[in-house]
Amino acid sequence: MSFCGIFKPDLPKRAQFVLIGAPYDSGSSYRPGARLAPHQIREFSESLSSCTERGDDLIDLPARDAGDLILNNQAEDSFTKIETVVGEIFDTKAIPIILGGDHCITLPCFKAALEHHKNLKLLYLDAHPDLYPSFHGDPYSHACVVARILELEGVSGESITQVGIRSTSSDQIKVQKESGVKTIHAWEFESFVDKGDGPVYLSLDIDVLDPAFAPGTGNPVPGGLSTRDLITLIHKIRSRIVAMDVIEVNPMLDSSGITALAAVRVIMEALSVMAQARK
Ligand SMILES: [Mn+2]
C-alpha cells in the first residue's frame, strides 16, 4: 500500500491515477542514487494520513500502485520500456504519477504523453533549465532533458514553462532565448499564474525546493522555494494535468527523509488538484 492506501496495488484497470516507479539514474551528472527514490517515497508516505492539508480525504480515489519498473539503468533500453509502459497507462485514460529516477525519465514519459494529448504543455519546476545541448559529452544527461524535449515533433519553446530556475549557464540561456521557453526564476516565482489552457505535463524536480527543505538531491542549489511556497504554487494550477513526475529525490543524501516526505506531500496536494479538475 502506498500513500496510506490511496494507491491500491490490486485495483482493477479502471483506475484514474496510476503510480509507477522508474528507478533510473544513469543520467545523473554528479551524485547518483535517485534510482532508490520510489521505494523511499512509498515508505515515507506511510507517515502521513490520506487527507491533504485542506482536509480532502483521498482514500477513495480510484488510484492504483503499479509498482516499479525493472530497469537495467542503460539509457536506450530503459527509455523504451518507460515510454511503452507509461503509454499503456495513457491508453486506459488514466493519469500516470511517475516516481523517478533522475530527470532523464521525463523524456520517455513526455513522449508517451505527446502521443496521447494534442497541444500538450510542459510545466517544469526545477532549479535548473536542463537545456544543455550535451553535458560532458552525454546528450542523455539529466542536464539535457529539456533540450531533447524541444527536438520532439509538436513541441515548441512557447509550450514550455519553467519555474524556480536559479542555476543556468550562457549556453543554456542562449537555447532558452532562441527557443522561447518561458522562464519564471526562483526570485519571481510568486508571479506564476495559470489560466488553465490546455493539457499539461507537470514535471517536478525536487531541487526546485531550497536545500534547507530538500537536502536529499544530487545537485542542490541554494535560494530555492520553501515547501510551503511549492504547495501554494501547485494549488494555483488551473490547467488539466494529464501526467506528473517527481524526480531527483536521492535517498543516499536524505538521512532524515525530509526530501522524500516533501515529495509525498506535494504529490498528495497535486492529486487533490487533479481530482478536482476531473469532477
Ligand atoms: Mn534540477
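The preceding data block contains the structure.
Here's a quick rundown of the structure. Please read these numbers as outputs of a predicted model, since none were measured by experiment.

## Points about the overall build of the chain
Part 1 of the argument: Each helix and strand in the chain was counted, giving seven helices and eight strands.
Part 2 of the argument: Taking 19 Å as the expected radius of gyration for a compact globule of 279 residues, we find that the chain reaches 17 Å, a close match to that expectation.
Part 3 of the argument: Across its three principal directions, the C-alpha atoms of the chain cover 50 × 40 × 40 Å.
Part 4 of the argument: Burial analysis of the chain (279 residues in total) assigns 59% to the buried set.
Part 5 of the argument: Nonlocal contacts in the chain, meaning residues at least 24 apart in sequence, comprise 76% of its contacts between residues at least 6 apart.
Part 6 of the argument: If you sum the accessible surface of the chain, you get close to 11,500 Å²; carbon and sulfur atoms cover 52% of it.
Part 7 of the argument: The average position of the 26 basic charges and that of the 37 acidic charges among the side chains of the chain differ by 6 Å.

## Brief notes about the packing of aromatic side chains
Ring pairs (aromatic) are described by centroid distance and by the angle formed between their planes.
Part 1 of the argument: A full pass over the atoms with the stated rule returns five aromatic pairs.
Part 2 of the argument: Here Phe110 and Tyr201 contribute two aromatic rings whose centre-to-centre distance is 5.5 Å and whose plane-to-plane angle is 70°, an arrangement assigned as edge-to-face. Within this pair, whereas Phe110 is found in helix α3 (residues 106–116), its partner Tyr201 is found in strand β7 (residues 199–205), the two being separated by 91 residues in sequence. Exposure class is identical for Phe110 and Tyr201. Each is buried.
Part 3 of the argument: Seen in terms of ring centroids, Tyr132 and Phe135 are 4.7 Å apart; in terms of plane orientation they differ by 55°. Their pairing is tilted.
Part 4 of the argument: When its relative accessible area of 19% is taken as the criterion, Phe135 is described as buried.

## Describing the coordination of the manganese ion
Part 1 of the argument: The manganese ion binds to the protein through Asp126 (OD), His128 (ND1), Asp205 (OD), Asp207 (OD) and Asp207 (OD); the donor distances cover 2.1 to 2.7 Å.
Part 2 of the argument: In the primary structure, the donors to the manganese ion are separated according to the pattern D-x1-H-x76-D-x1-D. Taken together, the residues span a long stretch of sequence, with His128 in the loop between β4 (121–125) and α4 (145–150) and Asp207 in the loop between β7 and α6 (227–235) at a distance of 79 residues. Each member of the pair, His128 as well as Asp207, carries the same accessibility label: buried.

## Let's talk about empty space enclosed by the protein
Part 1 of the argument: Under the counting rule described, the total for this entry stands at one cavity of 30 Å³ or more.
Part 2 of the argument: In this model, the largest cavity occupies a volume close to 30 Å³.
Part 3 of the argument: Phe79, Cys104, Leu107, Pro139, Tyr140, Ser141, Cys144, Val145 and Arg148 are the residues that line the largest cavity.
Part 4 of the argument: Among the residues making up the lining of the largest cavity, the classes are represented as seven nonpolar, one polar and one charged.

## Comments concerning the sheet that holds strand β6 (residues 182–185)
Whenever strands of a sheet pair, they do so through backbone hydrogen bonds, lying parallel or antiparallel.
Part 1 of the argument: The parallel open sheet is built from eight strands, whose spatial order is β2-β1-β3-β8-β7-β4-β5-β6. Looking along the sheet, the strands with just one partner apiece sit at the ends: β2 (63–68) and β6. Averaged over all pairs of adjacent strands, the angle between strand axes in this sheet comes to 15°, irrespective of strand direction.
Part 2 of the argument: Docked against the sheet, α3 engages β3 (95–100), β4, β7 and β8 (240–247), running at close to 170° with respect to β7.

What counts and how
- Along each chain, the written sequence defines residue order, and numbers are assigned to residues from 1.
- Note on the predicted model: pLDDT of at least 70 is required for a residue's local features to be given, and 80 or more for side-chain atom pairs to be given and counted; whole-chain, interface and lining totals, by contrast, use all residues.
- Side-chain measures here rest on the full set of heavy atoms in the structure, leaving out hydrogens and waters.
- Runs of H or I in DSSP of at least four residues are treated as helices and runs of E of at least two as strands, each being numbered from the N terminus.
- This radius of gyration counts C-alpha atoms alone. The globule rule is 2.2 Å times how many residues there are, raised to the power 0.38.
- Burial classification: accessible surface area is computed with a 1.4 Å probe over protein chains only, and a residue below 20% of its type maximum counts as buried, one above 50% as exposed, and the rest as partly exposed.
- Any two residues whose heavy atoms approach within 4.5 Å at even a single point are treated as in contact.
- For every accessible area listed, the method is Shrake-Rupley and the probe measures 1.4 Å; residues are considered covered only by the protein chains on display.
- Counting rule applied: Lys, Arg positive; Asp, Glu negative; His and chain ends not counted.
- For charged residues, the charge sits on one atom: NZ in Lys, CZ in Arg, CG in Asp, CD in Glu.
- Only the six-membered ring of Trp is used, alongside the rings of Phe and Tyr, when aromatic pairs are assigned; centres must lie within 6.5 Å, and planes under 30 degrees apart are stacked while those over 60 apart are edge-to-face, with the rest tilted.
- Coordination shells were defined by N, O and S atoms within 2.8 Å of each metal, extended to 3.2 Å for Na, K and Ca; water is absent from the atom set, which can make sites look incomplete.
- Only protein atoms enter the 1 Å grid used here, on which a cavity is any set of points holding a 1.4 Å probe that cannot leave and a pocket is any open set flanked by protein within 12 Å on both sides along at least five of seven lines; residues with an atom within 4 Å of a point are listed as lining.
- Grid points are joined across faces, edges and corners, and a volume is the space filled by probe spheres set on the points.
- Under this grouping Gly is polar, as are all residues other than the nonpolar Ala, Val, Leu, Ile, Met, Phe, Trp, Tyr, Cys and Pro and the charged Asp, Glu, Lys and Arg.
- Two strands make a pair as long as DSSP finds a minimum of two bridges between them.
- Angular values range over 0 to 180 degrees, each being the angle between N-to-C directions of two axes fitted as lines to C-alpha atoms, with helices fitted over their stretch in contact.

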